[in-house]
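# A closer look at the structure
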Amino acid sequence: MADYLSIEGMTQGLEGKVKQDLKFKTGNFVWKVKFNVPLDPKTVNNVNLYVTTEGLSPLKTAIRYNSLENMIEIEPLEPYAQDETYILNLTTNVTSLGGKALKEAQQLRFKI
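Criteria and thresholds
Residues numbered from 1 in each chain as written. Predicted model: local features only at pLDDT ≥ 70, side-chain atom pairs only at ≥ 80, totals over all residues. Heavy atoms only, no water. Core = buried A, V, L, I, M, F, W, Y, C linked by side-chain atoms within 4.5 Å. Buried < 20%, exposed > 50% of the residue type's maximum accessible area, 1.4 Å probe, protein only. Helix = DSSP H or I, 4+ residues; strand = E, 2+ residues; numbered from the N terminus. Contact = heavy atoms within 4.5 Å. Phe/Tyr/Trp six-rings, centres within 6.5 Å; stacked < 30°, edge-to-face > 60°. Pairing = 2+ DSSP bridges. Salt bridge = Lys/Arg side-chain N within 4 Å of Asp/Glu carboxyl O.

### Side note on the nonpolar core
- The biggest cluster of nonpolar side chains holds 20 residues, and the ones touching the most others in it are Ile74 and Tyr80.
- When contributions to this core are tallied by element, the ones reaching two or more residues are strand 2 (31-34), strand 3 (49-53), strand 6 (71-76), strand 7 (85-90) and strand 8 (106-111).
- With three residues, strand 7 is the largest single contributor of residues to this core.
- With near-sequence residues (within four places) excluded, isoleucine 74 lies in contact with Phe29, Val30, Trp31, Val33, Leu49, Val51, Thr61, Ala62, Ile63 and Leu88.

What follows is the structure, encoded as structure tokens:
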């Protein structure tokens, strides 16, 4: 299987956790972020999770939280541009139902 998503960098410690399972190239790649605890749905939003270009211009996205699987989906509302570097950002404002925040913000740099 070809890699259609080029991972350019990530927060230290994420190396073994990012997997690619793409069957065809698309400009509307949906990120799926799985957590090991239930999240506070009020903290799952476009302020606490977002995608920007390398120049920090925000990309319009839809954020969905699947509480049965503890998974967040981040879907672009506009296609990713070819050969543009993007950054997926998860801030420490994302918290568990018990109020516990991520220990540090997470970033993943990628290119479609």
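### Some thoughts on the packing of aromatic side chains
- Inspection of every chain in the model, using the stated rule, returns four aromatic pairs.
- With centroids separated by 5.0 Å and ring planes inclined at 70°, the aromatic side chains of tryptophan 31 and phenylalanine 110 adopt a geometry described as edge-to-face. Of the two residues, tryptophan 31 sits in strand 2 while phenylalanine 110 sits in strand 8, which places them 79 residues apart along the sequence.
- Overall, tryptophan 31 belongs to the buried group, its relative accessible area being 6%.
- Judged by relative accessible area, which is 0%, phenylalanine 110 ranks as buried.
- An aromatic cluster of at least three residues, connected via ring pairs, comprises Trp31, Tyr80, Tyr86 and Phe110.

### Re the side chain of threonine 61
- Mapping threonine 61 onto the fold places it in strand 5 (residues 61-66).
- Contact partners of threonine 61, with chain neighbours within four places excluded, come to Asn46, Val51, Ile74, Glu75, Pro76 and Leu77.

### Some thoughts on the pairing of strand 2
- In strand 2, alternate side chains face the same way, and those of Trp31 and Val33 are buried while those of Lys32 and Lys34 on the opposite face are not.
- Taken together, the four bridges between strand 2 and strand 6 define a ladder with antiparallel strand orientation. Residue pairing for strand 6: tryptophan 31 is matched across the bridge by isoleucine 74.

### As for the pattern of salt bridges
- Scanning the model with the defined rule gives three salt bridges in all.
- Taking the shortest distance from any N to any O, the salt bridge between glutamate 54 and arginine 109 comes out at 2.6 Å. Residue glutamate 54 is found in the loop between strand 3 and strand 4 (58-59), and its partner arginine 109 is found in strand 8; the two are separated by 55 residues along the sequence.
- Classification of glutamate 54 by relative accessible area gives partly exposed; the value is 43%.
- Measuring nitrogen to oxygen at the nearest pair gives 2.8 Å for the salt bridge that ties glutamate 75 to arginine 64. A residue pair is termed long-range when its members are at least 10 positions apart, and glutamate 75 in strand 6 and arginine 64 in strand 5 qualify at 11 residues.
- Look at the salt bridges and you will find they share partners, linking Arg64, Glu73 and Glu75 into a network.

### A few points about the environment of alanine 81
- In this structure, alanine 81 sits in the loop between strand 6 and strand 7.
- Distance from alanine 81 to threonine 53, taken between C-alpha atoms, is 9.6 Å for residues 28 residues apart in sequence.

Any functional reading would require information beyond the geometric quantities listed.
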